[in-house]
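The residues making up each chain are set out below.
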Amino acid sequence: MQSIDPSQLTERENYKFLIGSIIPRPIAFVTSLSEEGVLNGAPFSYFNIVSSNPPMISLSIQRAKGKQKDTARNIIRGKEFVVHIVDEDNVEQINETAASLPPDQSEIELAKLTPVKSAKISVSGVAEAKVRLECVLEQALELGGEEAPGCDFLIGKVVQFHIKSDLYENGRIDPRGLGAVSRLAGINYAKVGEIFAMERPE
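If you're wondering where the values come from, they're calculated on a predicted model, not measured in any experiment.

> Tell me what's going on with the side chain of Glu107, and back it up with residues and numbers.
For Glu107, the position within the fold is in helix H4 (residues 107–110). Although Glu107 lies buried, it forms no salt bridge, and the closest oppositely charged side chain, Arg73, sits 9.3 Å away as judged by the N-O distance. At 3.2 Å, the side chain of Glu107 and the side chain of Asn40 are in polar contact. A distance of 3.1 Å separates a polar side-chain atom of Glu107 from the backbone nitrogen of Gly41. Leave out the neighbours within four places in its chain, and Glu107 touches Leu39, Asn40, Gly41, Thr97 and Leu101.

In structure tokens, the structure reads:
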């Protein structure tokens, strides 16, 4: 087995090691509002659950040369955003939103996604997602980097769930029906594969 000191690797080498080994990663498609009122959207795979009491999620939005991305800037300013679960049916449209656009152009329009009003926040979601989470910003941290922060770590409190009706029964979500996709390394993605059950010890 190789033993590698990350301090001896470049940022790119550390990035490739992390995204190649920490797999699969869920993908959040995040909508936010610019200061000018433009609905922006972008996918992020540094995303996970933080807490269920109250329900909270985390996003880590990487910076390029210390420069904050539109999504992080919008969320920190406006304190609201919507997280969508990326699935087999919408992944191609969501992939289009990863294009680099100026802040005054909407990735939602580019990908021909359908805005849908939220119940409790001012930021719209998109109708093409089977699961939407309306979130308010709980905490924002600048982390990493040597000369400038390397990322914006955002914790959002979920204030409203939305789910396609036929996927949710008796408090459980049908994983096959949801068809969530996950991020691997490079240009690779994964679908939900074989599902197996295992009892946890007492």
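> How would you summarise the pairing of strand E2 (residues 28–33) if you had to cite specific residues and measurements?
Of all 6 residues that make up E2, 5 are buried, and the element is covered over most of its length. Sheet topology places E2 next to strand E3 (residues 39–44); 6 bridges connect them, and they run antiparallel. For Phe29, the partnering residue across the bridge sits in E3 and is Pro43. From the end of E2 to the start of E3, which pair antiparallel, there are 5 residues, and Gly37 there has a positive phi angle of about 90°. Taken together, the 4 bridges between E2 and strand E6 (residues 80–85) define a ladder with antiparallel strand orientation. Paired with Phe29 across the strands is His84, a residue of E6.

Conventions used here
Residues numbered from 1 in each chain as written. Predicted model: local features only at pLDDT ≥ 70, side-chain atom pairs only at ≥ 80, totals over all residues. Heavy atoms only, no water. Helix = DSSP H or I, 4+ residues; strand = E, 2+ residues; numbered from the N terminus. Buried < 20%, exposed > 50% of the residue type's maximum accessible area, 1.4 Å probe, protein only. Lys, Arg positive; Asp, Glu negative; His and termini not counted. Salt bridge = Lys/Arg side-chain N within 4 Å of Asp/Glu carboxyl O. Polar contact = N/O pair within 3.5 Å; in protein donor to acceptor, adjacent residues only side chain to side chain. Contact = heavy atoms within 4.5 Å. Pairing = 2+ DSSP bridges.

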